[in-house]
Amino acid sequence: MIRSAETCQCPIQEIGPSMAETCSGQAVLLFMTILEAFINGRCDLADPCNRLNSKDDLHDSYDFVVVGGGTAGAVVAGRLSENPQWKVLLLEAGGDEPTPSAVPAWVTAYWERNDTDWLYFTEPQEKACLAYGGKCYWPRAKLLGGCSTINGMMYMRGHAADYDGWAVNGATGWSWHEVFPYFLKSENNKEIGAVVSHEYHNVGGPMPVQRFRHAPEFAHDLVSASLELGCPPTNDLNGDSSTGFTVAQTFNDGGSRYSTARGFLRPGAKRENLHVVFNALASKVVVDPNTKKVTGVEYIKDGATKVVGVNKEAILSAGTLNSPQLLLLSGIGPKETLEQFDIPVVQELPGVGQNLQNHVGVKLKFTLMKEPDAPILDWASAMEYMLKREGPLAGTGLSQLTGMMNSKFAPAGGRQPDIQYFFSGYHASCGDGRNTDPENYDSLERRTVMITPVALQPRSRGYLTLRSTNPTDPPVMQPNYFYDDHEMDVLLEGAKIAYRLANTTLLREKYGMVPAPGYGKGCPGSGDSPTDEFLRCLARMYTAPENHQVGTCKMGPVNDPMAVVDPQLRVHGIQGLRVIDAAIMPTLPTGNTAAPTIMIAERGAEFVITRHQQFKKRPDNGLGIRFGESSQSSGTNNGQWNDNRWSYGNGADWQNNEQKWNNGKPWDKTWNWGDKPRDDQHSTDWRKKYNTPTYPESI
Ligand SMILES: Cc1cc2nc3c(=O)[nH]c(=O)nc-3n(C[C@H](O)[C@H](O)[C@H](O)COP(=O)(O)OP(=O)(O)OC[C@H]3O[C@@H](n4cnc5c(N)ncnc54)[C@H](O)[C@@H]3O)c2cc1C
């Protein structure tokens, strides 16, 4: 039986707003409130002993101030605070992760609410989101863990050629061979051998990766149905094959979400050298205009503006939409913009906010004529989750399903796929508790599912700029969707393949899958074989704006006038300032962006660590700095920042620590190459196979 709140080793606190409110209807609300109360009382989901507390009494200055405790910021703050000699402050504009955000099925619960989402909308689009007034909604988390706390958790790395392209275009050191170890560093893949290969995956990192414990039968059937299109299914789009349909691996463990805050920050929650402040909105980086060196970070907390000092570096991890906004507010950006807002120019960098890129798709709606639209979440499925962390609540319905294809517009030789498919339907998000009998469902209440083809290498470029000098105002976001015809051309191909997929024998006969009657009725040319004009019209009306914004603080060499950070992620022309998040990507990866962002954060943190690690300045006698002694380089090890894991009082520990730091790659020991010799690291087989087939033109 479901029990009331468990007795955990630490008292459980209620964190964040109720997700039950996001469901409509009194009967639903009652059931959801009861269910949420039970969820909140479970020790494994609430994790009360490892939660971070917001700190009130801050120090005047810190060695590192990380702005934004999101997907990347949690990694950076977690890694930097592994060194007890460094004082690290993390400023997060939102609060801690609400306990129910751990339930995979409740993926959308914290969207569209002003306490957990920035509620961002684009500028009006001429050719996109027209069914929604032309303004596309871009959910962005305002919470610890950032978007890793509210995203679909899908684990996709992009394609080797993406990173080789970055390197060729000036991001020296970011080719696939160079970034691959940093994907491995964070990964703790639980399905090596069973689902994915050790050639591409790793164990021992902080982020568990595996399939959800539950996927609807329809998801597996769709993967099988894709065979009829001549498209072999795959277990791993991060492995040998870069095309095919699959039930994807995700960041989850034990039936619950794994945000980067859970993976990287909670294990260090007791570190005395890591201070976190929630609901603290960074408003400016303070830079000495003469030396161009960062001296502090200004932030707003409880209505008061404060400044905290920076001894070594400030790191912006506020995401693609807020890191450039902060640079602009700090006087770093295009001169015309800064002058327009009377912001003193600290460093002219024309690229700040430019190069905004996002994947874009079209939502195609289908009806399953043989499937009643019965709620997935009822008492039976709730019990399954409560007792075993299994069932529909332990998955995201069809959102865990994906596929990649090459259209005729794919890069030469099918090098990278240019279409990705996303799906929705069968969600267990809201319910009224009734155990439903499908037979009793009205024949008119049929289940609908969405297929969304997405263009993976968009050519349209947008920009982001200030709306005002008020840091609480959202920036102006202009993606220029469909400015370049390429995306529309690719989506047309993608949509036609989706219609063929829906019409495969398996999906047609088992589910009665048909284009949803009446969908897109304002668009001429609908039907079972819709015209190109109908599909174009759907893309303009029912645009899928995706959530993969990148590029607004582009990485590139100093001679690239549009580069904002160098390949070590240092802001050009400023000392002691880096951007480490999705904003630095020069172009979009071929796929989702969370794993690439974590890779960037691992890499960025290592750049910082390598730059400042103390043993470089160790005295000649070889003893190094002992805990409690003064340090020339930081002056911070005053005994307050002790951490038993790193106690330097004992010679053996010091040796271990030195060894761990000395090779510069502390994760090396966790590499798991199965029976293969370590020489494999240099094998060219690592590279994904490039020559994947191009999907036939005529469909
Ligand atoms: C709804 C949704 C679904 C997605 N699904 C997937 C998926 O399934 N798989 C996948 O790979 N990718 C997915 N993505 C994309 C992926 O999650 C993001 O690209 C990635 O998480 C971005 O990480 P980030 O660190 O750059 O930014 P974020 O994770 O957004 O972190 C930025 C953090 O900074 C904080 N912040 C911002 N401004 C300030 C300020 N001024 N002061 C203090 N703090 C500030 C924010 O509150 C936030 O916590 C999804 C994204 C969304 C929004």
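Residues numbered from 1 in each chain as written. Predicted model: local features only at pLDDT ≥ 70, side-chain atom pairs only at ≥ 80, totals over all residues.

Going by an unreviewed UniProt entry, the chain carries the name Glucose-methanol-choline oxidoreductase N-terminal domain-containing protein and comes from Parnassius mnemosyne.

Enquirer: Give me the overall build of the chain: which residues, what numbers.
Expert: On a plain count of helices and strands, the chain comes out with 15 helices and 25 strands. Here the chain holds 699 residues, and the buried ones make up 53% of them. Taking all contacts inside the chain whose residues are at least 6 apart in sequence as the whole, residues at least 24 apart take part in 73%. (Helix = DSSP H or I, 4+ residues; strand = E, 2+ residues; numbered from the N terminus. Buried ≥ 20, exposed ≤ 12 C-beta atoms within 10 Å, placed from the backbone. Contact = placed C-beta atoms within 7 Å.)

Enquirer: Explain the site of the ligand to me, and be specific about the residues and the numbers.
Expert: Taken together, 42 residues lie near the ligand, and Gly68, Gly70, Gly146, Gly152 and Asn592 sit nearest. Elements with a contribution of two residues or more to the shell around the ligand: helix H3 (71-80), strand S11 (280-288) and helix H14 (594-612). Taken together, the residues of the shell around the ligand sort by class into 19 nonpolar, 19 polar and four charged. (Near = placed C-beta within 6 Å. Nonpolar A, V, L, I, M, F, W, Y, C, P; charged D, E, K, R; others polar.)

Enquirer: Describe the nonpolar core, listing the residues and the values that go with them.
Expert: With 180 residues, the main nonpolar core has Val65 and Val67 as its most contacted residues. Beyond its immediate sequence surroundings of up to four residues, valine 65 is in contact with Leu89, Leu91, Val297, Val308, Val310 and Ala314. (Core = buried A, V, L, I, M, F, W, Y, C linked by C-beta atoms within 7 Å.)

Enquirer: Give me the lowdown on unusual backbone geometry, citing residues and values where you can.
Expert: Residue tyrosine 426 is not a glycine yet carries a positive backbone phi of 60°. Positionally, tyrosine 426 belongs in the loop between strand S19 (419-424) and strand S20 (446-455). Positive phi, normally seen in glycine, also occurs at asparagine 480, with a value near 55°.

Enquirer: Tell me about the confidence of the model for the chain, and name the residues and values.
Expert: Model confidence for the chain is summarised by a mean pLDDT of 88, while 85% of its residues fall at 70 or above. Across residues 622-699, confidence stays below pLDDT 50; counting only partners more than four residues off in sequence or on other chains, it has 108 contacts. (pLDDT = per-residue confidence, 0-100.)

Enquirer: Describe helix H13 (residues 532-541), naming the residues involved and giving the relevant values.
Expert: Within H13 the residues assigned to the buried category are Leu535, Arg536, Cys537, Leu538, Ala539 and Arg540. On its buried face, H13 is in contact with strand S16 (360-362), strand S17 (364-372), helix H11 (485-502) and strand S24 (543-544).

Enquirer: Explain the packing of helix H5 (residues 176-186) against H14 to me, using residue names and the numbers behind them.
Expert: Running from amino to carboxyl end, H5 crosses H14 at an angle of 100°, the nearest separation of the two axes being 8 Å. Taken together, the axis directions place H5 and H14 in an arrangement best described as roughly perpendicular. Contact residues: H5 offers Val179, Tyr182, Phe183, Lys185 and Ser186, while H14 offers Ala595, Ile598, Met599, Glu602 and Arg603. Split by residue class, the contact of H5 with H14 holds six nonpolar, one polar and three charged. (Axes fitted to C-alpha atoms, helices over the stretch in contact; angles between N-to-C directions. Parallel < 35°, antiparallel > 145°, perpendicular 65-115°, else oblique.)

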